[in-house]
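Single-letter residue listing:
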Amino acid sequence: MPQPENDPTSRRRRRRLAIEHIRYVAVIGAATALFLSAVTYLWALGKAVTFVHILAVEGLSSDPALVKLFESIDSILIATVLLIVGFGIWELFVHDLDLPPSLTTTSFDHLKGRIAGTLVLVLAVRYLERLISRPSPEEILALGISTALVGGLLFVFATFRRSH
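Residues numbered from 1 in each chain as written. Predicted model: local features only at pLDDT ≥ 70, side-chain atom pairs only at ≥ 80, totals over all residues. Heavy atoms only, no water.

Caption draft 1: Representation of the nonpolar core in the model. Core analysis: the biggest nonpolar cluster contains 13 residues, and Val85, Phe87, Ile89, Leu103 and Ile115 have the highest contact counts within it. Secondary-structure elements contributing two or more residues to this core are helix 2 (26-58), helix 3 (63-93) and helix 4 (108-132). With 6 residues, the single largest contributor to this core is helix 3. Excluding anything up to four places from it in sequence, leucine 103 contacts Leu83, Ile84, Phe87, Glu91 and Arg114. By size, the runner-up hydrophobic cluster in this structure holds 5 residues, among which are Phe70, Leu77, Val125 and Ile132. (Core = buried A, V, L, I, M, F, W, Y, C linked by side-chain atoms within 4.5 Å. Buried < 20%, exposed > 50% of the residue type's maximum accessible area, 1.4 Å probe, protein only. Helix = DSSP H or I, 4+ residues; strand = E, 2+ residues; numbered from the N terminus. Contact = heavy atoms within 4.5 Å.)

If you want it as structure tokens, here you go:
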């Protein structure tokens, strides 16, 4: 026997379904992260082409070429973070995807840890980029300490688990 439209149980079920479907707004975030990832990978490709050009013109001992190489690596790492975020948000809020294990996200804490770990790599690459410009010893020390502190905080952030 079908339930009438104004039945309180039917109304509660429709409200619950409507609220549950709001999670699909995360599609906007996932799609944005995936789009930005693709654009950033293209940006890294442009930097790589510039690296090869500088290397061809200035030779193997070119500091500007080395800076451009590190900038390319930096862009690739940032694009990878965006890719992980996009796929992670999709899997957590929308639907599981058929992805390799390295891109599969099982929980928000898992996603948070992977992002923090990749950001530590970005920090290390940025530090190396700065070293190429031969800063003063004081600048190297200050940059090293600040990079280590931020990297350490990211590590703590990545490994901290909320009690449920």
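Having seen the structure, we can now continue with the description.
Caption draft 2: Seen up close, the packing of helix 3 against helix 4. Running from amino to carboxyl end, helix 3 crosses helix 4 at an angle of 170°, the nearest separation of the two axes being 9 Å. When the axes of helix 3 and helix 4 are compared, the pair comes out roughly antiparallel. Its residues assigned to classes, the contact of helix 3 with helix 4 comprises 20 nonpolar, 2 polar and 6 charged. (Axes fitted to C-alpha atoms, helices over the stretch in contact; angles between N-to-C directions. Parallel < 35°, antiparallel > 145°, perpendicular 65-115°, else oblique. Nonpolar A, V, L, I, M, F, W, Y, C, P; charged D, E, K, R; others polar.)

Caption draft 3: Highlighting the packing of helix 4 against helix 5 (residues 137-159). Contact geometry for helix 4 and helix 5: axes closest at 8 Å, N-to-C directions at 170°. Between helix 4 and helix 5, the angle is such that the two are roughly antiparallel. Of the residues in helix 5, those touching helix 4 at Lys112, Gly113, Ala116, Leu119, Val120, Leu123, Tyr127, Arg130 and Leu131 are Glu139, Ile140, Leu143, Gly144, Thr147, Val150, Gly151, Leu154, Phe157 and Ala158. Across the contact of helix 4 with helix 5, the residue classes tally to 12 nonpolar, 4 polar and 3 charged.

Caption draft 4: How the structure looks around the pattern of salt bridges. Scanning the model with the defined rule gives 6 salt bridges in all. Linking arginine 126 and aspartate 74 is a salt bridge whose minimum nitrogen-to-oxygen distance equals 2.3 Å. Here arginine 126 is found in helix 4, whereas its partner aspartate 74 is found in helix 3, with 52 residues between them in sequence. As a salt-bridge pair, aspartate 109 and lysine 112 come within 3.4 Å of each other at their nearest N and O atoms. Of the two residues, aspartate 109 and lysine 112 both sit in helix 4, 3 residues apart, roughly one turn of that helix. The exposure class assigned to aspartate 109 is buried, which follows from its relative accessible area of 7%. (Salt bridge = Lys/Arg side-chain N within 4 Å of Asp/Glu carboxyl O.)

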